[in-house]
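Letter by letter, the chains look like this.
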Amino acid sequence: MIKFLDLHKINERYRKEIDERIKKVLDSGWYLLGKENDEFCDNFAKFCGTKYAVGVANGFDALRLAVMGLGFKYGDEILVPSNTYIASILAISECGCTPVLVEPDINTYNINPALIEEKITDKTKAIMVVHLYGQTADVSNIKKTADKYNLKIIEDAAQAHGACHNGKKAGNLGDIAGFSFYPGKNLGCLGDGGAVTTNDEELYNKVKALRNYGSHKKYENLYTGLNSRLDEIQAAILDVKLKYLNDDNNYRKKIAKYYIENIKNDKIILPNYSDEHVYHIFAVKTEKRDDLQNYLKENNIETLIHYPIPPHKQVCYKGILGESYSVSEEIHKTILSLPISPVIKMEEAEYVVKVLNNY
Ligand SMILES: *Cc1c(COP(=O)(O)O)cnc(C)c1O
């Protein structure tokens, strides 16, 4: 079976280094908000090209803290793509704000800049762009609209560690960004983790407090915050893996390029190739998606669907997000994710291509 993603194999490559760093944390007797967190956050900010990074407990909290940091509250509207993973939308609604869905571009799967303006009201405060599948949203275009209406840009960069937009890294494209280090992400830890990045010193200090009960100084609380800290063991593991992130992303790009150049089947619509895309997900579209998925399974190729149910059709949001988003619905019906990772072998990719070309 060609696995969609072999997490054990991914981490096994760095076992020795990870073991040593975990041991160091164990020996130190300091397990939260210490040296490892500081060191990783410095390195991650450098990687993104931002002034600051704050380690937090997961990607969802990173997005919530971004919304809280900007001071948005009940009734404020935040635009967000209708085909994103549920976490982006939950991060808005769990802060009491109103998510307003904008349809994506059918070719890039990212928010369609041409559809943003019509959704702006006098309550709109921000646009949450999601760099879905590892490709950055069209931020330069979106920024023009954001500037015109004085809106903030929040990036959901959970799938886009290392992705670029005109040479600038994800996490450094808006006012504030949230990253996830969920194990399956391009940079993943051995559990949950996340980070917020920004260039704004005030926002940085506020988020740093907000993730620790709203406290700057022990037992003094400036804000009503969360408990959302990145622990020292996860920070140490991430600091090891960050060194190899560029190599891992380059390997993903190599596989993506190979797929794009060699899959030749009228029934399968491929994504475009871009050097700035980090191919967290390699999504193809096909009319009879379930049929293709079964065919690949019969040929020992594991695939996944990102995502099978659009957020506005989820039970929890029934009647809240609007009834019909046709582009999003079309994507959710036809999308299929092929195996791609830093540890898939070239022969395995060749086999995937062969099987797809015979479909
Ligand atoms: C993974 C993901 C998140 C949430 O991250 P967690 O660490 O699982 O909380 C948010 N947005 C997107 C687009 C994601 O893919």
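Look a little higher up for the structure.
Residues numbered from 1 in each chain as written. Predicted model: local features only at pLDDT ≥ 70, side-chain atom pairs only at ≥ 80, totals over all residues. Heavy atoms only, no water.

Asks: Would you explain unusual backbone geometry in this entry?
Replies: With the exception of glycine, the majority of residues adopt a negative phi angle, and the majority of peptide bonds are in the trans configuration. In this structure, Tyr307 follows His306 across a cis peptide bond, with omega equal to 15°. Within the secondary structure, Tyr307 is located in the loop between α10 (289–298) and α11 (326–334). Phi at Asn150 is positive, roughly 55°, even though this residue is not glycine. Position of Asn150 among the secondary structure elements: in the loop between α6 (139–148) and β5 (152–156). Taking relative accessible area as the criterion, Asn150 reaches 68% and is therefore assigned exposed. (Helix = DSSP H or I, 4+ residues; strand = E, 2+ residues; numbered from the N terminus. Buried < 20%, exposed > 50% of the residue type's maximum accessible area, 1.4 Å probe, protein only.)

Asks: Help me understand the site of the ligand, please; the structure alone is not making it clear to me.
Replies: Taken together, 13 residues sit near the ligand, with Gly59, Asp156, Gln159, Ser180 and Lys185 positioned nearest. Between the ligand and Ser180 there is a distance of 2.7 Å, counted from an oxygen atom to a side-chain nitrogen or oxygen. Between the ligand and Lys185 there is a distance of 2.6 Å, counted from an oxygen atom to a side-chain nitrogen or oxygen. Summarising the interface, the protein chains cover 90% of the accessible area of the ligand, which totals 380 Å² for the free molecule. In terms of residue count, the dominant contributor to the shell around the ligand is helix α4 (residues 59–69) (three residues). Its residues placed into classes, the shell around the ligand shows seven nonpolar, four polar and two charged. (Near = heavy atom within 4 Å. Polar contact = N/O pair within 3.5 Å; in protein donor to acceptor, adjacent residues only side chain to side chain. Areas by Shrake-Rupley, 256 points an atom, 1.4 Å probe, with all protein chains shown as cover. Nonpolar A, V, L, I, M, F, W, Y, C, P; charged D, E, K, R; others polar.)

Asks: I tried to follow the pattern of salt bridges on my own but got confused; where do I start?
Replies: Pairs may arise between side chains of opposite charge once their charged atoms sit close together. Applying the stated rule across the entire model yields 15 salt bridges. Put simply, Glu20 and Lys16 hold a salt bridge, and the shortest N to O gap is 3.7 Å. Residue Glu20 and its partner Lys16 are both found in helix α2 (residues 15–28); the two are separated by four residues, about one turn of the helix. Relative accessible area serves as the criterion here: at 48%, Glu20 is assigned to the partly exposed category. When the shortest N-O distance is used, the salt bridge between Arg21 and Glu36 registers 2.9 Å. Pair noted here: Arg21 is in helix α2 and Glu36 is in helix α3 (residues 35–48), with a separation of 15 residues, a long-range link. Residue Arg21 is classed as buried on the basis of its relative accessible area of 16%. Under the relative-accessibility criterion, Glu36 is labelled buried at 6%. Overlapping salt bridges, with partners in common, bring together Arg21, Lys24, Glu36 and Asp239 in one network. (Salt bridge = Lys/Arg side-chain N within 4 Å of Asp/Glu carboxyl O.)

Asks: Looking at this model, I keep getting lost on the pairing of strand β3 (residues 98–102). Mind explaining?
Replies: Note on strand geometry: in a regular strand, side chains alternate between the two faces of the sheet. With four of five residues buried, β3 lies mostly within the body of the structure. Strand direction decides the pairing type here: strand β2 (residues 77–81) and β3, joined by five bridges, are parallel. When the sheet's bridge partners are listed, Glu77 is paired in β3 with Thr98. Taken together, β2, helix α5 (residues 86–93) and β3 form a β-α-β motif whose crossover is right-handed. (Pairing = 2+ DSSP bridges. Right-handed = clockwise from strand over helix to strand, strands pointing away.)

Asks: For this particular structure, what's the right way to read the nonpolar core?
Replies: Among soluble globular proteins, nonpolar side chains are generally buried collectively. Judged by nonpolar contacts, the single largest core of 33 residues is most densely connected at Tyr259, Phe282, Leu292, Leu296, Leu338 and Leu356. Secondary-structure elements contributing two or more residues to this core are α9 (245–262), β12 (282–285), α10, β13 (335–338) and α12 (346–357). In terms of residue count, the dominant contributor to this core is α12 (five residues). Counting only domains with at least three residues in this core, you end up with domain 1 (7–102 + 109–239) and domain 2 (245–358). When sequence neighbours within four positions are dropped, the list of residues in contact with Leu338 reads Phe4, Tyr259, Ile263, Phe282, Val284, Leu296, Thr303, Val352 and Leu356. (Core = buried A, V, L, I, M, F, W, Y, C linked by side-chain atoms within 4.5 Å. Domains from an automatic or database assignment. Contact = heavy atoms within 4.5 Å.)

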